[in-house]
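Architecture and fold: a report
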Amino acid sequence: MDVEAAKLIGAGLATISLAGAGIGIGNIFAQYIAGSMRNPGASKQVFGNVLLGFALTEAVALYALVMAFLIMFS
Amino acid sequence: MTEKHSPLDQFTIQRIFEMKIGNIDISLTNSSLMMIAVLLILNVFLIYATKKKSVVPGRLQSIAEMSYEMIYNTTQSNLGNDGKRLFPLVYTLFMFILLCNMLGLIPYSFTVTSHIIITFALAFGVFLLATILGFVLHGHKYLRLFLPKGVPIFLIPILVPIEIVSYISRPISLAVRLAANMMAGHTIIKVFASFVVVLGIWGIAPLLFIVVLYVLETLIAFLQAYVFAVLTCLYISDSFHPEH
């Protein structure tokens, strides 16, 4: 198998880990919606934490993307 | 035939104006030109917007005051009274990263923060500040950061190395988060742009999607700058109070 083919396969395999990140991000917003339906007054207060949690979880997805790029382009 | 283009070509650094001191290359590149532009825009905007210090602010002064207030509330809520000492650093970091991200969205410009060396310089600076501040303020007791309260004795050999690794990984994650977000966003837009060219008349569909992607990219630009600022506050609040 030559290097180009192996690189493409490696990059494809590296993106499997994005499934976990997708579940995590959905979890954050699901909990936010459920929580703000129970306590609508607090929803504005907690939205800042929602954005922080989203960005931190998205970061893990992007680490996987960086690995895929590294495998593919070097 | 034309040479092979890749969507990552937009991140190459090109020299605009060659300058050398001895062996050191200090040319003006597209990256440093964008940083100078960010500097000029920030300074001119902030100085001009707050010139008439009217009690009821006009539009421009409102924008400056809103950004000030947002970062001020963040530092106050994370750091308490020490937030006042930290506020200039966090505000500078936030405005610099925000404007660098935003200016990269203009077509044909260059995103400064998409290079890991630049974001790592910023993140490592914050890490050094947090560590040195912790040791200056608390001496060797700063190492209590790695040992949360109420841990059973037999868990200590497992927990402390994990905490140390997670502490060391803070600047790395801070840097990679910002650089990867910027790079991924721009790469996706470039890839969809190549679809527009290939599809001819049906290229209208990827074009509309690119418009949506630009909205997402604007949101991400703002969010990543805010997350960098918040995490800076959190890491430095850890060095003020090492016992969680």
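Considerations on the overall build of chain B
Looking only at helices and strands, chain B has six helices and four strands in total. For chain B, the C-alpha atoms occupy an extent of roughly 70 × 55 × 50 Å along the three principal directions. Taken across its 244 residues, chain B has 23% of its residues classed as buried. Across chain B, every contact between residues at least 6 apart in sequence was considered, and the portion connecting residues at least 24 apart equals 64%.

A short note on the overall build of chain A
Counting secondary structure elements, chain A contains three helices and zero strands. Seen in sequence order, chain A has helices and strands lined up from the N terminus as α-α-α. Relative to the compact-globule value of 11 Å for 74 residues, chain A shows a C-alpha radius of gyration of 18 Å, a clear excess of over 25%.

A look at the packing of helix 4 (residues 116–138) of chain B against helix 5 (residues 156–199) of chain B
Residues and elements named next belong to chain B. At their nearest, the axes of helix 4 and helix 5 sit 8 Å apart, and the two run at 145° to each other. Pair helix 4 / helix 5 crosses with right-handed handedness. In this structure, helix 4 contributes Ile 116, Thr 119, Phe 120, Ala 123, Phe 124, Val 126 and Phe 127 to the contact, and helix 5 contributes Arg 170, Pro 171, Leu 174, Ala 175, Val 176, Leu 178 and Ala 179.

So, the interface of chain B and chain A
Opposite the 11 residues of chain B that make contact, chain A presents nine residues. Elements represented by at least two residues in the side of chain B that touches chain A include exactly helix 5 and helix 6 (204–240) of chain B. Of the residues in the side of chain B that touches chain A, the class split is seven nonpolar, three polar and one charged.

Digging into the packing of helix 2 (residues 59–79) of chain B against helix 6 of chain B
Residues and elements named next belong to chain B. As a packed pair, helix 2 and helix 6 sit with axes 9 Å apart at the nearest point and diverge in direction by 30°. Between helix 2 and helix 6, the angle falls in the class roughly parallel. Crossing handedness for the pair helix 2 and helix 6: right-handed. Each of Ile 71, Thr 74, Thr 75, Asn 78 and Leu 79 in helix 2 lies in contact with helix 6, whose residues at this interface are Ala 229, Val 230, Cys 233, Leu 234, Ile 236, Ser 237 and Phe 240. Taken together, the residues of the contact of helix 2 with helix 6 break down into eight nonpolar, four polar and no charged.

Let's talk about the confidence of the model for chain B
Chain-level pLDDT for chain B is 88 on average; 98% of the residues reach the 70-or-more range. Interface confidence for the predicted complex, expressed as ipTM, amounts to 0.81; the pTM equals 0.88.

Description of the nonpolar core
Phe 94, Ile 97, Leu 98, Ala 225, Phe 228 and Ala 229 of chain B are the most contacted members of the largest nonpolar core, which has 39 residues in total. Contributing elements (two or more residues each) for this core: helix 3 (43–73) of chain A together with helix 1 (30–49), helix 2, helix 3 (83–103), helix 4, helix 5 and helix 6 of chain B. If one sorts the elements of this core by residue count, helix 6 of chain B sits on top with 11 residues.

Describing helix 3 of chain B
The periodicity of an α-helix, 3.6 residues per turn, causes residues three or four positions apart to be oriented the same way. All names here are of chain B. For helix 3, with 21 residues, the first-to-last C-alpha span of 29 Å sits near the 30 Å given by 1.5 Å per residue. Along helix 3, the helix axis deviates most sharply at Leu 89, where the bend reaches about 25°. Buried within helix 3 are the following residues: Gly 83, Val 90, Phe 94, Met 95, Ile 97, Leu 98, Leu 99, Cys 100 and Asn 101.

Brief notes about unusual backbone geometry
All names here are of chain B. Phi is positive for Tyr 108, close to 70°, though the residue is something other than glycine. Mapped onto the elements of the fold, Tyr 108 is located in the loop between helix 3 and helix 4. With 5 C-beta atoms packed within 10 Å, Tyr 108 lands in the exposed category.

Concerning the environment of Tyr 226 of chain B
Its place among the elements puts Tyr 226 of chain B in helix 6. In this structure the C-alpha to C-alpha distance between Tyr 226 of chain B and Val 165 of chain B, which are 61 residues apart in sequence, comes to 25 Å.

Brief notes about helix 4 of chain B
Residue and element names in this part refer to chain B. End to end, helix 4 covers 32 Å across 23 residues, agreeing with the expected 33 Å (1.5 Å per residue, within 8%). When we look at burial in helix 4, the residues that qualify are Thr 119, Ala 123, Val 126, Phe 127, Ala 130 and Gly 134. Looking at the packing, one finds that the buried side of helix 4 touches helix 5 and helix 6. Positive backbone phi, at 65°, marks Gly 139, one or two positions downstream of helix 4.

A word on the environment of Pro 161 of chain B
Residues and elements named next belong to chain B. By the secondary structure assignment, Pro 161 is in helix 5. For Pro 161, a count of 11 C-beta atoms within 10 Å puts it in the exposed group. Taking C-alpha positions, Pro 161 is 8.3 Å from Phe 146, a pair spaced 15 residues apart along the chain.

Rules used throughout
Numbers given for residues are sequential positions, taken from 1 along each chain in its written order. Chain letters start at A and ligand numbers start at 1, both assigned in the order the entries are written. Selection of residues for local features in this predicted model requires a pLDDT of at least 70, selection of side-chain atom pairs for listing and counting requires 80 or more, and totals for whole chains, interfaces and linings are taken over all residues. Only DSSP runs of H or I with at least four residues qualify as helices, and only runs of E with at least two residues qualify as strands; both kinds are numbered from the N terminus onward. Exposed residues have 12 or fewer other C-beta atoms within 10 Å of their own C-beta, buried residues have 20 or more, and partly exposed residues fall in between, where C-beta atoms are placed from the backbone. Contact between two residues is assigned whenever their backbone-derived C-beta positions fall within 7 Å. For the radius of gyration, the atom set is restricted to C-alpha positions; the globular benchmark scales as 2.2 Å times the number of residues to the power 0.38. Axes here mean lines fitted to C-alpha atoms, for a helix over just the part in contact, with angles spanning 0 to 180 degrees between N-to-C directions. Crossings are sorted by hand: turned counterclockwise from the far helix by less than a right angle, the near helix makes the crossing left-handed, and turned clockwise it makes it right-handed. Classes in brief: Ala, Val, Leu, Ile, Met, Phe, Trp, Tyr, Cys and Pro nonpolar; Asp, Glu, Lys and Arg charged; the others, Gly included, polar. Any angle that falls under 35 degrees is termed roughly parallel, while one over 145 is termed roughly antiparallel, one within 65 to 115 roughly perpendicular, and all others oblique. Every residue is assigned a pLDDT by the predictor, reflecting its confidence on a scale from 0 to 100. Buried Ala, Val, Leu, Ile, Met, Phe, Trp, Tyr and Cys residues whose C-beta atoms connect them within 7 Å together make up a nonpolar core. Take the number of residues in a helix, subtract one, and multiply by 1.5 Å to get its expected span. Throughout, the bend at a residue refers to the angle made by two axes, fitted to the seven residues ending there and to the seven starting there.

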